[in-house]
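Structure at a glance
Residues per chain, in single letters:
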Amino acid sequence: MDFEAIEDQDGVRCAWNVLPNTRIEATRSVVPVATQYTLLKERPELPPVMYEPVVCKAPCRAVLNPYCQIDVRGKLWICPFCLQRNQFPPHYKDISAHNLPPELLPRYTTIEYTLSRQSPVPPVFMFVVDTCLEEDELKALKDSLILSLSLIPPNALVGLITYGTMVQVHELGYQDCPKSYVFRGTKEYNAKQVQEMLGIGSSIRNQPGAQPQAQQAQQAYGADRFMQPVEQCEFTLTSILEQLQRDPWPVANDKRPLRCTGAAMAVAVGMMESAFPNAGGRTMLFCGGPATQGPGMVVGPELKEPMRSHHDIEKETDRHYRKAVKFYEGLAKRSAASGHAVDIFSGCLDQVGLAEMKYLVNWTGGHMVLTDSYVTAIFRQSFQRVFEKDEQDQLQMGFNATLEVQTTKEIKVCGLIGPGMSANKKTAIVSDTEIGIGNTSAWRLATLTPRTTVGIYFEVANQQSQALQPGSRGLIQYVTTYQHSSGQYRMRVTTIARNWAEGASPEIPASFDEEAAAVLMARIAVFKSEIDEAADVLRWLDRMLIRLCQKFGDYRRDDPASFRLPPNFTMYPQFMYHLRRSQFLQVFNSSPDETAFYRHCLFREDTFNSIIMIQPTLTSYGFEGPPAPVLLDSMSMKPDVILLLDTFFHILIWHGETIAEWRKAGYHDQPEYENLKLLLEAPVQDAQELLVDRMPVPRYIVCDQHGSQARFLVSKLNPSTSYNSANQYGGGEAVLTDDVNVSSFLSALNSLAVKGAS
């Protein structure tokens, strides 16, 4: 079964592509019935159709699809989800067996409709800019912001809030001189206070004597002084940004700058929800350090007070953490409810409080970019990539989306793990078992990109007595309604059907997609680790792996040497080995901010990229032959090769000792050593190709064997040759670690699996 081809057509990867036909058999299969779904998967060969969808009667509201039974003569169709009969609308009167609309053709299992309603407001971008920065940092950030004005559509609305010790909301509608409203940085402002102070919001429209204004101003509820179309305010905004100064508040040598990130975000969210409720928009926060005063404070202003570590959070010894998380959670809920995304671009060597602010991004679907400085190419390129355009010159982002799932009655929805929030739609297909964001069959995602991917988890509801006939099919329909950047509303509908089979049928293991299953289990493990102890999560992961091997392995009881897994399960234990060692579950050597960033990326990327994060790819370049993928193993580190490591977050080129010496001696510049020059150039070209469409842009590292930067490679390798194990394979460099290697892990797994009951 070609899982990638199915993904290219529908954007769906299923852990199981044939479903066990009873609840008990599905539970025994260990990995849940679940799918990775890329909501706006790019499909240039099937452009959107220009009409409204045909939907089933309420309360079902499923959309017409290729799996519906149709009666051409009676002009009827039967909904496969609720089995109701529906009349085709009048304009389908010419339908016949040879003249079917696209949505009934087998290749249109995914179809996108252009809806008739338009968004009354173009996309809204609110920049929230930290001014407690060094001069060179602030200049680089201002340059990037000025450049972004040329990337945003001319009709899109922009606004600017700057903050340091105080929060300043800049008025863009007043061109004669710069004018701003100042808010205290130590105070928490709710939406009502922001409305009253700035004179915006729905209440001001009804005041006696209010002047009738143009449609757009009416729609913006008086916020047109602060939020204007780029084409009107570009000159004013550029001059404000150019004249932007560092925060003037003096900072003593033993103090941090007073930075009121929380107050600034409260004002921004208050403005957005008052002026543009349920309109597509983004609040983009540029944060160059931790919040040191006011609501959402992460650390005190005294430098002698250190930033919190994982240990402090675990032991609850940090006095700010809980309070800050609660504050930002409240803002995240408000922003997601209004349909606005929050992006955070941090530019600081130290932590800025991403661990506290992560829900602002994770619940709204925004971007999180972690960089050391605003001067770096990582920040510049990542920020520009947010505004990437398609062939029609439209932004590659959807706004204010809702994802609804519909299933046949044998399948129930357990939940979603991904960048969204529950829409609290409780229907008959909602399961009592919660995985991730559960108790609903619909979720809100404030923004989408063509890469945004969610994990959706299901359970089989059928009891033994009502076992389904093998060969019958279970259906799942995903309906994504979103605002396109052109202002149109669109609906993307994907309907998938999977066969049922008896629990003991060989079709079930043959349909297992080990990559999708590993990523879906990784999402559950990472979601659990936000709530549970790390050791408990690892134990749960091990228990699940042992049970899976017991169920699908072929072995004689109590004979580890006899253990074999089917061919499409063989990589799964290795994925679990690397997941256990990964930065997603092992917080040692990562700050809380880094952990929040890594987990955020795993929750939004597709199967291919997520597998690279879990088990990075390693390519070897040598004189013996063309570049070839090699094992992620310490044996691969040889002195006469170059290695290219891709971990998704880092792209690293590692030169073996001999190659590095030749390069330092300058042999590659001599004409007779042309082959060495070509060998040195090959990984650099391949690395550039990997950098092209990655978001956020990965860190690019070039290092030599035994160099300090080689640690990025060594930490990811399987230590088959470590200081305490005999080097039985020959070649490779010994790794100084007490970690268990893959072969020991797999032999322990085999021993436990053949024991019977775990």
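Report on the accompanying structure. Nothing here was measured: the structure is a model prediction, and the numbers come from that model. (Residues numbered from 1 in each chain as written. Predicted model: local features only at pLDDT ≥ 70, side-chain atom pairs only at ≥ 80, totals over all residues. Heavy atoms only, no water.)

Take the pattern of salt bridges next. What the rule picks out here adds up to 33 salt bridges. Note that Asp-704 is salt-bridged to Arg-663, the shortest N-O span being 2.9 Å. Of this pair, Asp-704 sits in strand 29 (residues 699-704) while Arg-663 is found in helix 19 (residues 657-664), placing the two residues 41 residues apart along the sequence. Look at Asp-704 and you get buried, because its relative accessible area is 16%. Within this structure, Glu-7, Arg-13, Asp-513 and Glu-515 form a network of salt bridges that share partners. (Salt bridge = Lys/Arg side-chain N within 4 Å of Asp/Glu carboxyl O. Helix = DSSP H or I, 4+ residues; strand = E, 2+ residues; numbered from the N terminus. Buried < 20%, exposed > 50% of the residue type's maximum accessible area, 1.4 Å probe, protein only.)

Next up on the list: the sheet that holds strand 26 (residues 628-629). Pairing is mixed across the open sheet formed by five strands, whose spatial order is 26-25-27-28-29. For this open sheet the edge positions go to strand 26 and strand 29, each flanked by a neighbour on one side alone. Two strands pair when backbone bridges link them, and strand 25 (residues 617-621) and strand 27 (residues 642-646) are joined in this way by five bridges, in the antiparallel orientation. Each residue of the ladder has a partner; that of Leu-618, found in strand 27, is Leu-645. Relative to strand 28 (residues 650-655), helix 19 is tilted by about 80°, and along the sheet it contacts strand 27, strand 28 and strand 29. (Pairing = 2+ DSSP bridges. Contact = heavy atoms within 4.5 Å. Axes fitted to C-alpha atoms, helices over the stretch in contact; angles between N-to-C directions.)

As a further point, take the pairing of strand 28. Counting buried positions along strand 28 yields six of six residues, so the element is predominantly enclosed. The alternating pattern of strand 28 places His-650, Leu-652 and Trp-654 on one face and Ile-651, Ile-653 and His-655 on the opposite face, and all of these are buried. Note that strand 27 and strand 28 share five bridges and pair antiparallel. Bridged to Asp-646 within strand 28 is Ile-651. Linking strand 27 back to strand 28 in an antiparallel pair, the connection comprises three residues, with Phe-648 at a positive phi of about 80°. Two strands pair when backbone bridges link them, and strand 28 and strand 29 are joined in this way by six bridges, in the parallel orientation. Paired with Ile-653 across the two strands is Val-702, which belongs to strand 29.

What follows deals with a nonpolar patch on the surface. A contiguous nonpolar patch, built from Phe-623, Trp-662, Tyr-667 and Tyr-673 and spanning about 350 Å² of accessible area, is present on the exposed surface. One can find Tyr-667 in the loop between helix 19 and helix 20 (674-691). (Patch = residues over 30% accessible without salt bridge, like charges linked within 9 Å, V, L, I, M, F, W, Y side chains within 5 Å. Areas by Shrake-Rupley, 256 points an atom, 1.4 Å probe, with all protein chains shown as cover.)

Within a pair of aromatic rings, the relevant descriptors are the distance that separates the centres and the angle that separates the planes. Per the stated rule, a full pass over the model turns up 33 aromatic pairs. Each ring, one from Phe-286 and one from Phe-379, has its centre 6.3 Å from the other, and the planes form 90°; the classification is edge-to-face. In this pair, Phe-286 is assigned in strand 13 (residues 281-287) and Phe-379 in helix 12 (residues 377-386), connecting sequence segments 93 residues apart. The interplanar angle of 50° and the centroid separation of 5.7 Å between the aromatic rings of Phe-597 and Tyr-598 together place this pair among those described as tilted. Grouping residues by exposure puts Phe-597 and Tyr-598 together as buried. (Phe/Tyr/Trp six-rings, centres within 6.5 Å; stacked < 30°, edge-to-face > 60°.)

Another point: the sheet that holds strand 1 (residues 12-14). A sheet is described by the order of its strands in space; here four strands give the open sequence 1-3-20-17, paired in antiparallel fashion. Unpaired on one side and paired on the other, strand 1 and strand 17 (411-417) mark the two borders of the sheet. When strand polarity is set aside, the average angle formed by the axes of neighbouring strands in this sheet is 25°. For strand 1 and strand 3 (residues 33-38), the ladder comprises three bridges, and the chain directions are antiparallel. Counted as the bridge partner of Val-12 is Tyr-37 from strand 3.

Moving on: unusual backbone geometry. Residue Pro-59 is bonded to the preceding Ala-58 through a cis peptide linkage, with omega at 0°. Within the fold, Pro-59 resides in the loop between strand 3 and strand 4 (69-71). The peptide bond linking Met-695 to Pro-696 adopts the cis configuration, its omega dihedral lying at -5°. Locating Pro-696 in the fold gives a position in the loop between helix 20 and strand 29. The residue Lys-75 is not glycine, and still its phi comes out positive at about 55°. A positive phi is found at Phe-648, a non-glycine position, where the angle reads about 80°. Position of Phe-648 among the secondary structure elements: in the loop between strand 27 and strand 28. Residue classification places Phe-648 among the buried positions, given a relative accessible area of 1%.

As a further point, take the nonpolar core. Within the largest apolar cluster, 144 residues are counted, with the highest numbers of intra-cluster contacts made by Trp-16, Met-271, Leu-403, Tyr-478 and Tyr-572. Those residues in contact with Trp-16 that lie beyond four places of it in its chain are Ser-29, Val-31, Pro-32, Val-33, Ile-508, Pro-509, Ser-511, Phe-512, Phe-552 and Phe-569. (Core = buried A, V, L, I, M, F, W, Y, C linked by side-chain atoms within 4.5 Å.)

This part is about helix 16 (residues 572-581). Across the ten residues of helix 16, seven count as buried, placing the element largely inside the fold. Among the residues of helix 16, Tyr-572, Pro-573, Phe-575, Met-576, Tyr-577, His-578 and Leu-579 are the ones counted as buried. Structurally, helix 16 contributes buried residues whose contacts are with helix 14 (514-529), helix 15 (534-552), helix 18 (607-614) and helix 22 (742-753).

So, on to a negative patch on the surface. A surface patch of negative charge is lined by Asp-2, Glu-4, Asp-8 and Glu-45. By the secondary structure assignment, Glu-4 is in helix 1 (residues 3-10). Owing to a relative accessible area of 44%, Glu-4 belongs among the partly exposed residues under this scheme. (Lys, Arg positive; Asp, Glu negative; His and termini not counted. Charge placed at Lys NZ, Arg CZ, Asp CG, Glu CD.)

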